[in-house]
Amino acid sequence: MKVTVLGIDLAKRVFQLHGADRHGRALHRSKVNRADLLTTVRQLQPEVVVMEACSSAHHWARRFQELGMEVRLISPQYVAPFVKTNKNDRNDAEAIVEAACRPSMRFVAIKSVEQQDIQAAHRVRNLLVQQRTAIINQARGLLGERGVIISQSPEAFKRAMPDILAQCAGELTPFCQALLTELLEQISVLEDRIDHAETAIKSFMKASTLCKKIAAIDGIGPITATAVVAAVGDARQFRNGRHLTAWLGLVPKQYSSGGKSRLQGISKRGDAYLRTLLIHGARSVLRYVGNKMDVRSRWLRELIARRGYNRTAVALANKNARVIQVLLSSDTPYQAPA
């Protein structure tokens, strides 16, 4: 009988395969080395190949698509409930097939090489920013032990350091000054690399029509626009804007029972990096609401007065995400609020 659905438990070297027919009956089980995976799958000729959306999943998905096969990726959290008894590669592959056969299962969109390039630039930039923050905090800690207090922002740190290093009196010894000078040099190197990563991100921005389209929204800059396009791509996989905001964790967490609806804070599911960018972008819009008389500014001022600044920032991030879903899933251009 022909294998209809082939589940693959991904690994670095040894892959577990589980093939089933359209009724879910197991027809094939095997372990395959990395070098023989494509050949084995080509011989089985399954209609659908299913994998967990983990490391290297998008690479293998593109390779199987080149063979003319339909490929589906499932989030690991949706596969875990289908694992029977003990967890091992054999049971994991079987669970992937069972999860894929559920009619209500949600799948992950396959990313292109260009999308992964943009994500790589964002991850490198985020790593460099974290390293810069760690060095600044270390320097602030060393100075705090000597009675010198500096504000948290990198700009305030760079403004204060020349005057601090110029002081030779007190507890700030020449040895400590030399250590701080080395930390400043490391920060300078990291900032050069951050600028290089941001230049690459801006080049992706200029080459992408979708990025330019959603960057017209207030609060969405090059960093946020490219990160959203890299993660979401074609937003048609989301039925509406609310599904995208739920995927980003920008909707209330629900704990309801017995007909009583209980809503808590935002769920914070999904990509924390994207959610952070959207909320920070919303904060930048709230800073300049002022006395503007357009519809959105009046709504934001009323919401700040009624619910507070932070909830308003999340509400605006939610609204921007809904607009992004419409723009990425259609040819509709962005129209600013009147």
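This structure is a prediction, so every number in the text was calculated from the model and none was measured. (Residues numbered from 1 in each chain as written. Predicted model: local features only at pLDDT ≥ 70, side-chain atom pairs only at ≥ 80, totals over all residues. Heavy atoms only, no water.)

Asks: In this structure, what is going on with the sheet that holds strand S2 (residues 14–20)? I would like to understand it.
Replies: Strands pair in a sheet through their backbones, by hydrogen bonds, and they do so in one of two ways: parallel or antiparallel. Ordered in space as S3-S2-S1-S4-S5, the five strands form an open sheet in which the pairing is mixed. Edge positions in the open sheet fall to strand S3 (26–33) and strand S5 (70–74), since each of these has one partner strand only. Averaged over all neighbouring strand pairs, the angle between strand axes comes to 20 degrees, with direction disregarded. With five bridges joining them, strand S1 (residues 5–9) and S2 adopt antiparallel strand pairing. Each residue of the ladder has a partner; that of aspartate 9, found in S2, is glutamine 16. In this fold helix H4 (residues 89–100) packs onto S1, S2, S3, strand S4 (48–52) and S5, with an angle of close to 140 degrees to the strand it touches most, S1. (Pairing = 2+ DSSP bridges. Helix = DSSP H or I, 4+ residues; strand = E, 2+ residues; numbered from the N terminus. Axes fitted to C-alpha atoms, helices over the stretch in contact; angles between N-to-C directions. Contact = heavy atoms within 4.5 Å.)

Asks: Explain the packing of aromatic side chains here, please?
Replies: Applying the stated criterion to the full structure yields three aromatic pairs. Between phenylalanine 15 and tryptophan 60, the ring centres sit 5.6 Å apart and the planes meet at 80 degrees, which makes this aromatic pair edge-to-face. With phenylalanine 15 in strand S2 and tryptophan 60 in helix H2 (residues 57–66), this residue pair connects regions lying 45 residues apart in the sequence. One aromatic cluster is present, built from ring pairs that chain together Phe15, Trp60 and Phe64. (Phe/Tyr/Trp six-rings, centres within 6.5 Å; stacked < 30°, edge-to-face > 60°.)

Asks: For this particular structure, what's the right way to read the packing of helix H5 (residues 113–145) against helix H7 (residues 174–207)?
Replies: Geometrically, a packed helix pair is captured by the angle between its two axes and the distance between the axes. Two elements in contact, H5 and H7, have axes separated by 9 Å at closest approach and are oriented at 160 degrees. As summarised for this structure, H5 and H7 are arranged roughly antiparallel, according to the angle between their axes. Pair H5 / H7 crosses with left-handed handedness. Counted by class, the contact of H5 with H7 contains 17 nonpolar, three polar and six charged residues. (Parallel < 35°, antiparallel > 145°, perpendicular 65-115°, else oblique. Left-handed = near helix turned anticlockwise from the far one by under 90°. Nonpolar A, V, L, I, M, F, W, Y, C, P; charged D, E, K, R; others polar.)

Asks: How should I be thinking about helix H1 (residues 37–44) in this particular structure?
Replies: Burial in H1 covers these residues: Leu37, Leu38, Thr40, Val41 and Leu44. The buried residues of H1 occupy an angular sector of 165 degrees when the element is viewed end-on, so they sit on one face. In the segment just after H1, glutamine 45 is the residue with positive phi, at about 50 degrees. (Buried < 20%, exposed > 50% of the residue type's maximum accessible area, 1.4 Å probe, protein only. Arc of directions from axis to C-beta.)

By themselves, these figures tell us nothing about what the structure is for.
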